[in-house]
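Notes for the structure review
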Amino acid sequence: QVQLIESGGGLVQAGGSLRLTCAASLRTFSSVAMGWFRQAPGQEREFVAAISRGGDMTDYAAFVQGRFIISRDNGKNTVDLQMNRLRPDDTAVYYCAARGYSSPSRNSNTYNYWGQGTQVTVSS
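Residue positions are given per chain, counting from 1 as you read along its sequence in written order. Note on the predicted model: pLDDT of at least 70 is required for a residue's local features to be given, and 80 or more for side-chain atom pairs to be given and counted; whole-chain, interface and lining totals, by contrast, use all residues. Only heavy atoms go into the side-chain values, all of them from the structure, while hydrogens and water stay out.

Moving on to the pattern of salt bridges. Just to be clear on terms, a salt bridge is a Lys or Arg side-chain nitrogen sitting within 4 Å of an Asp or Glu carboxyl oxygen. Scanning the entire structure with this criterion turns up six salt bridges. Residue arginine 106 is joined to aspartate 59 by a salt bridge in which the shortest nitrogen-to-oxygen separation is 2.7 Å. On the criterion of sequence distance, the pair formed by arginine 106 in the loop between strand 9 (92–99) and strand 10 (111–114) and aspartate 59 in strand 6 (residues 58–60) is long-range, its members being 47 residues apart. For arginine 106, a relative accessible area of 48% puts it in the partly exposed group. The helix and strand labels rest on DSSP assignments: H or I over at least four residues marks a helix, E over at least two residues marks a strand, and numbering proceeds from the N terminus. The rule is simple: take the accessible area with a 1.4 Å probe, protein chains only, and divide by the maximum for that residue type; under 20% is buried, over 50% is exposed, in between is partly exposed.

The next thing to look at is the side chain of arginine 38. Mapped onto the elements of the fold, arginine 38 is located in strand 4 (residues 33–39). Since its relative accessible area comes to 5%, arginine 38 is described here as buried. Here a polar contact is taken to be a pair of N or O atoms separated by no more than 3.5 Å, where protein atoms must pair a possible hydrogen donor with a possible acceptor and residues adjacent in sequence count only if both atoms sit in side chains. Side-chain polar atoms of arginine 38 contact the side chain of glutamate 46, separated by 2.8 Å. Within the structure, the side chain of arginine 38 is placed 2.9 Å from the side chain of aspartate 90, a separation counted as a polar contact.

Glancing now at the environment of asparagine 77. Its location among the elements puts asparagine 77 in the loop between strand 7 (68–73) and strand 8 (78–83). By relative accessible area, which is 22% here, asparagine 77 ends up partly exposed. Note on contacts: a residue pair is in contact if any heavy atoms of the two residues lie within 4.5 Å. Beyond its immediate chain neighbours, meaning those up to four positions away, asparagine 77 contacts Cys22, Ala23, Ala24, Leu26 and Phe29. Separated by 3.2 Å, the side chain of asparagine 77 and the backbone oxygen of leucine 26 make a polar contact.

Before going further, it helps to spend a moment on the environment of glycine 35. Secondary-structure assignment places glycine 35 in strand 4. Since its relative accessible area comes to 0%, glycine 35 is described here as buried. In this structure, the C-alpha to C-alpha distance between glycine 35 and alanine 62, residues 27 residues apart in sequence, is 15 Å. With residues near it in sequence (within four places) discarded, glycine 35 still touches Ala49, Ala50, Tyr95, Cys96, Ala97 and Tyr111.

See the structure below:
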């Protein structure tokens, strides 16, 4: 019954912005850390950003720091990824994930639930 549903992906020109939203059907949403990961064709899944249960702690991959912002709304059971100054190498399927712990992690193996992914394509 647990569902994580991403939305907001699409096609954007380099330098543009997109905002991804993950809606979580998860009773314990406010108790768990959330993360965003991405996977490009032929590439392994990589960490993008994560946020603690209360939203006060965040972690970012070096290649997105200063461009992306992760946030959450525990009242709505959503986590967002605001992506700015997008580059063609940001093109990937983006996944949100829920972790059964309160603190962020970069390790995808520690996340218990995953969304279906949403495609982000950045044109040059």
